[in-house]
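# Residue-level structure breakdown
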Amino acid sequence: MAQFQLNILGCGSAIPTARHNPSSQILDIRDNLFMIDCGEGAQLTMRKMRLKYTRLNHIFISHLHGDHCFGLIGLLSSMALQEKSGTVTIHIFEEGANLFDQQLKFFCRDIPFEIKFNIIKPEKALIFESHAITIETIPLFHRVPCVGFIFKEKTKLRHLKGDMVKFYNIPIKELHGIKEGNDYVTPEGVLVTNSQLTTDPDQVMSYAYCSDTAFNPQVAEMIKGINTIYHEATYTNDFAHLARQRGHSTSAEAARIAQMAGAERLILGHFSKRYRDESPIINEATEIFPNTILANDGMRIDLL
Ligand SMILES: [Zn+2]
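Given the structure is predicted, the values throughout are model-derived calculations rather than measurements.

The next point concerns the packing of helix H3 (residues 72–81) against helix H4 (residues 94–107). At a minimum axis separation of 11 Å, H3 and H4 run at an interaxial angle of 40°. Of the possible angle classes, the one that applies to H3 and H4 is oblique. Seen along the crossing, H3 lies across H4 with a hand that is right-handed. When H3 is examined against H4, the residues Leu72, Ile73, Leu76 and Ser77 are found in contact with a partner set consisting of Phe100, Gln103, Leu104 and Phe107. Class assignment for the residues of the contact of H3 with H4 results in six nonpolar, two polar and no charged.

Here's what the structure looks like:
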């Protein structure tokens, strides 16, 4: 089992189709589930993919369009019936918190777990931190306030070169600092640089979810250096006028963002229902950014 696995629950846009549910995905971080958007049908795909409610404690809603949050009340209601315990934190704009609070009071009176709302704003901000990861919001450019989410594993420690540690007879109390990047000075006053004593740490996981957004180079700037990017690609270039009108991106624009951000891999989603087959979308993107894949409902992607 991978330590960081992305599970696509839905990657369609406004209207659910026989092929795609609306937007929802779950990032599985060492068996802790982080849901990103919760379009209609999310709980059904979650079941099909055997992702457990008991492990879901955080839900992130990028914006208050129905195709990104209509699944929320149904999911929470099912979780209540399944006797989930603990706390579920919903990271959402204030209007959404008020709206769902009302729905919960009406439909789910006896919830056996605690629901907390963490109010987010359309800005760059740190919204979650644990010993292992950080989660940030970034502002996007849609018709309503909208954010993307950046998930990052914290930097790992450098690896000690055992033979060098032995050679310099370095005391144990110094080793942690050296793993963090410190140099070492011998009792005789000789400086031993960190690069002589260590090798690079393991690669860290980093993932950016770019929800509904018009093309804007500022997005690439904000996600610079992230390994895997999910970006909406509602249309191909021949419908660029619709993308403009509706605050969405074309496939080529998503690919340009990945290229400008220096990403390693791009995952496309939020496909318009007009495409019965997404090959025009992937073909357009790979001309600009070759390492691109199409999301699909039920797909699992290892992020590290
Ligand atoms: Zn939207």
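From this point, the discussion proceeds with the structure in view.
Taken domain by domain, the chain holds domain 1 (4–156 + 202–302) and domain 2 (159–198). Of note, the centres of domain 1 and domain 2, computed from C-alpha atoms alone, are 43 Å apart.

So, about the nonpolar core. Membership of the largest hydrophobic core comes to 67 residues, with the highest contact counts inside it found for Met35, Ala208, Ile223, Ile229, Ala258, Leu266 and Ala285. Here the element with the most residues in this core is helix H10 (residues 251–261); it accounts for six residues. In contact with Ala258, other than residues within four places in its own chain, are Ile229, His231, Ala263, Leu266 and Phe289.

Moving on to the sheet that holds strand E16 (residues 265–269). Strand order across the open sheet formed by seven strands is E7-E8-E9-E14-E15-E16-E17, with mixed pairing between neighbours. Of all strands in the sheet, those with a lone pairing partner are strand E7 (125–129) and strand E17 (292–294), marking the two edges. Strand after strand, the sheet turns through a mean of 20° between neighbouring axes, direction not considered. Where E7 and strand E8 (residues 133–139) come together, four bridges link them in antiparallel fashion. Directly across from Phe128, in E8, lies its bridge partner Ile135.

Cut-offs applied
Residues numbered from 1 in each chain as written. Predicted model: local features only at pLDDT ≥ 70, side-chain atom pairs only at ≥ 80, totals over all residues. Axes fitted to C-alpha atoms, helices over the stretch in contact; angles between N-to-C directions. Helix = DSSP H or I, 4+ residues; strand = E, 2+ residues; numbered from the N terminus. Parallel < 35°, antiparallel > 145°, perpendicular 65-115°, else oblique. Left-handed = near helix turned anticlockwise from the far one by under 90°. Contact = placed C-beta atoms within 7 Å. Nonpolar A, V, L, I, M, F, W, Y, C, P; charged D, E, K, R; others polar. Domains from an automatic or database assignment. Core = buried A, V, L, I, M, F, W, Y, C linked by C-beta atoms within 7 Å. Buried ≥ 20, exposed ≤ 12 C-beta atoms within 10 Å, placed from the backbone. Pairing = 2+ DSSP bridges.

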